[in-house]
Amino acid sequence: MNAPAPYLHFPGTAREALEFYQGVFGGELSAHTAAEMGREDLPGDAVAHAQLRGPVTLYASDSVGDAPLRLEGLMLALLGAADPTTLRTWFAHLAADGEVVEDLQRRPWGASDGQVRDRFGVLWLIGYEHSGDTDPAARAE
């Protein structure tokens, strides 16, 4: 069974957003324009459907009417989704031109996590357990 994957509607920035996420997470990006899909409710070069498949799977399109992306009461969790070094790298890349909401830090229960809102307004929770972590940076948190 596949896990749920978010489908994000961007205000004309879907291609830019998914290219950014591909740069952060890696993976294979495929995008189809409105013209390719025969849609007339979007400009021909708008993204009608796109998918990033890799360590993180995301779907996206440009929204009809350029409505802004609003994510209230929702964050995308990447808890233990990769090794600690990779997760720290993802956190730093997502924070570029974004906002660190809560530093990636060691918690009283022993795990590390933090929150970052990227430049497209998506809030991410990134964290990991320290068991078996051999990276000195993780032990120092």
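Residues numbered from 1 in each chain as written. Predicted model: local features only at pLDDT ≥ 70, side-chain atom pairs only at ≥ 80, totals over all residues. Heavy atoms only, no water.

The name recorded for the chain in an unreviewed UniProt entry is VOC family protein, from Brachybacterium halotolerans.

Let's talk about the packing of helix 1 (residues 14-25) against helix 2 (residues 84-95)
Where helix 1 contacts helix 2, the axes come no closer than 9 Å and their chain directions differ by 150 degrees. By the angle between their directions, the pair helix 1 and helix 2 is classed as roughly antiparallel. Where helix 1 crosses over helix 2, the handedness of that crossing is right-handed. Side by side, helix 1 and helix 2 meet where Phe20, Tyr21, Val24 and Phe25 of the first sit next to Trp90, His93 and Leu94 of the second. Tallied by class, residues from the contact of helix 1 with helix 2 come to six nonpolar, one polar and no charged. (Axes fitted to C-alpha atoms, helices over the stretch in contact; angles between N-to-C directions. Helix = DSSP H or I, 4+ residues; strand = E, 2+ residues; numbered from the N terminus. Parallel < 35°, antiparallel > 145°, perpendicular 65-115°, else oblique. Left-handed = near helix turned anticlockwise from the far one by under 90°. Contact = heavy atoms within 4.5 Å. Nonpolar A, V, L, I, M, F, W, Y, C, P; charged D, E, K, R; others polar.)

Concerning the sheet that holds strand 3 (residues 47-53)
Reading across the sheet, the four strands line up as 1-4-3-2 and stay open at both edges, with mixed pairing between neighbours. Two strands close off the open sheet at either side, each with one partner strand: strand 1 (7-10) and strand 2 (28-33). Mean inter-strand twist for the sheet, computed between neighbouring axes without regard to direction, equals 15 degrees. In terms of strand pairing, strand 2 meets strand 3 through six bridges, oriented antiparallel. (Pairing = 2+ DSSP bridges.)

Quick look at the sheet that holds strand 7 (residues 112-117)
Spatial ordering of the open sheet is given by 5-8-7-6, a layout of four strands whose pairing is mixed. The open sheet has two edge strands, strand 5 (76-79) and strand 6 (99-106), and neither has a second partner. Going across the sheet, the axis of each strand differs from the next one's by a mean of 10 degrees, ignoring polarity. In the sheet, strand 7 pairs with strand 8 (residues 123-128) via six bridges, with the strands oriented antiparallel. Directly across from Asp113, in strand 8, lies its bridge partner Gly127. Sitting on the sheet, helix 2 is in contact with strand 5, strand 6, strand 7 and strand 8, with an inclination near 160 degrees to strand 8.

Section: helix 2
Along its 12 residues, helix 2 runs 16 Å from first to last C-alpha, staying within 8% of the 16 Å computed at 1.5 Å per residue. The complete set of buried residues in helix 2 reads Pro84, Leu87, Arg88, Trp90, Phe91, Leu94 and Ala95. For helix 2, the angular spread of the buried residues around the axis is 160 degrees, confining them to a single face. Between the side-chain oxygen of the N-cap and the backbone nitrogen of Thr85 there are 3.1 Å, and the N-cap of helix 2 in question is Asp83. Taken from the residues just after helix 2, Asp97 is the one with a positive phi, measuring 60 degrees. (Expected span 1.5 Å × (residues − 1). Buried < 20%, exposed > 50% of the residue type's maximum accessible area, 1.4 Å probe, protein only. Arc of directions from axis to C-beta. Polar contact = N/O pair within 3.5 Å; in protein donor to acceptor, adjacent residues only side chain to side chain.)

Some points on unusual backbone geometry
In this model, Asp97 sits at a positive phi of 60 degrees, which is unusual for a non-glycine residue. Within the secondary structure, Asp97 sits in the loop between helix 2 and strand 6. According to the relative accessible area criterion, Asp97 is exposed, its value standing at 65%.

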